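Chain residues, written in single-letter form:
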Amino acid sequence: MASTETRRTDDSVPDAQAKDNAKDNYGLFGLEAGLDALESGVIGRRPLAQRVGRTLREKTLPPVVAIVVVLAIWQALISFKIVDDPSKLPSPSAVWGEVEDAWLEGKLLGYIWTSVSRGLFGFLLALAIGTPLGLVVARVKFVRAAIGPILSGLQSLPSVAWVPPAVIWLGLEPSMMYAVILLGAVPSIANGLVSGVDQVPPLFLRAGRTMGATGLRGTWHIVLPAALPGYVAGLKQGWAFSWRSLMAAEIIASSPELGVGLGQLLENGRTASSMSMVFLAIFLILFVGIAIDLLIFSPVERWVLRTRGLLVKS
């Protein structure tokens, strides 16, 4: 009797193990199928109208609501005479009047383009210098030990500190502003690339060397693609430093030969004690910074995340 029960128990063990293996295999097959579908973009794919509605609801509506709330609070401060001195806080209508006057005089786009063209050209120069510098610092130990701390120190140095020596060295010329931009942006771009290279898994480098990707070929095909997240973060920070450096240079150094950019417009408003002009310059500076980020850096950042499977198209 006991032997019969023992045999039944022994016979049931393989059956239970077979069922467990079948369940595990089914789970693995299901997981594999789900990953394949995720890679092909099938999962989470919504109709176009639904995607547009979601974009408007989640990305467009919140900033619009925030702007409306800020304008309402601003107007309430004026209407209820909490701040009744226009030299301290102008009304939204007064700032809008400055916008209309600058537009009708044909100067508004000139203010914006003068600063944007300088900022973008200076940033491209910083990109051309900071990228190879960052690669050399990241890959050559001696150079890293010699220059790495200096780059970190330059990155923490306020950009406005470079304006006086740049004026003394180069005079009131456009080259002075580009020098300030370079000194502010190059360390950020180089340090961002160094950080990205430091985060490259050593397995990638060994695999690249095994396949013959060494030297410049390994840098182009292995190191740079793997370091893209840190590099893009450094580019965003580099642009922020470029823009702030340019505004500092335009505010401090003014000359008819340099034209009137947004920083000079801000200084003109301070000189004329016109808070509406000051607010106009501040809003334009903020608008350009946000626009550059949304039009250039955000799409690049999303592309980098999507290529690494960290962002799925919805």
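Points about a nonpolar patch on the surface
- There is a patch of nonpolar side chains on the surface, built from Leu-286, Ile-290, Leu-294, Leu-295 and Ile-296 and spanning about 500 Å² of accessible area.
- Within the secondary structure, Leu-294 sits in helix H12 (residues 275–307).
- When its relative accessible area of 53% is taken as the criterion, Leu-294 is described as exposed.

Some details on the pattern of salt bridges
- All told, the structure shown has 6 salt bridges when counted by the stated rule.
- The residue Glu-105 makes a salt bridge to Lys-107 at a minimum N-O spacing of 3.6 Å.
- The class for Glu-105 is exposed, based on a relative accessible area of 51%.
- Its salt-bridge partner being Asp-198, residue Arg-144 comes within 2.5 Å of it at the nearest N-O pair. Linking Arg-144 in helix H5 (residues 141–156) with Asp-198 in helix H7 (residues 174–198), this pair joins segments that are 54 residues apart in sequence.

A short note on the confidence of the model for the protein
- Taken as a whole, the protein shows an average pLDDT of 80; of its residues, 82% reach a score of 70 or greater.
- When mean pLDDT is taken per element in the protein, helix H4 (residues 108–139) scores highest with 92 and helix H1 (residues 2–39) scores lowest with 47.
- Note that pLDDT drops below 50 for residues 33–43; the model gives that stretch 5 contacts with residues more than four away or on any other chain.

Description of the nonpolar core
- Membership of the largest hydrophobic core comes to 55 residues, with the highest contact counts inside it found for Met-176, Leu-193, Trp-243, Leu-262, Leu-265, Leu-284 and Val-288.
- The element that contributes the greatest number of residues to this core is H7, accounting for 11 residues.
- Residues in contact with Met-176, not counting those within four places in the same chain, are Ala-166, Val-167, Leu-170, Gly-171, Ala-249, Ala-253 and Leu-258.

Quick look at H5
- For H5, with 16 residues, the first-to-last C-alpha span of 22 Å sits near the 22 Å given by 1.5 Å per residue.
- At Ile-147, H5 shows its largest bend, some 40°, and a proline, Pro-149, comes one to four positions later.
- Along H5, the positions that sit buried rather than exposed are Val-143, Gly-148, Leu-151 and Gln-155.
- Elements that come into contact with the buried residues of H5 comprise H4, H7 and helix H10 (228–252).

Side note on the packing of aromatic side chains
- Inspection of the entire model under this criterion finds 7 aromatic pairs.
- Their ring planes at 35° and their centres at 5.6 Å tell us that Trp-74 and Phe-279 sit as a pair that is tilted. Of this pair, Trp-74 sits in helix H2 (residues 48–79) while Phe-279 sits in helix H12, placing them 205 residues apart in sequence. Assigned by exposure class, Trp-74 and Phe-279 land together as buried.
- Linked through ring pairs, Phe-123, Trp-239, Trp-243 and Phe-297 together constitute an aromatic cluster.

Calculation rules
Residues numbered from 1 in each chain as written. Predicted model: local features only at pLDDT ≥ 70, side-chain atom pairs only at ≥ 80, totals over all residues. Heavy atoms only, no water. Patch = residues over 30% accessible without salt bridge, like charges linked within 9 Å, V, L, I, M, F, W, Y side chains within 5 Å. Areas by Shrake-Rupley, 256 points an atom, 1.4 Å probe, with all protein chains shown as cover. Salt bridge = Lys/Arg side-chain N within 4 Å of Asp/Glu carboxyl O. Helix = DSSP H or I, 4+ residues; strand = E, 2+ residues; numbered from the N terminus. Buried < 20%, exposed > 50% of the residue type's maximum accessible area, 1.4 Å probe, protein only. pLDDT = per-residue confidence, 0-100. Contact = heavy atoms within 4.5 Å. Core = buried A, V, L, I, M, F, W, Y, C linked by side-chain atoms within 4.5 Å. Expected span 1.5 Å × (residues − 1). Bend = angle between axes of the 7 residues up to and from the residue. Phe/Tyr/Trp six-rings, centres within 6.5 Å; stacked < 30°, edge-to-face > 60°.

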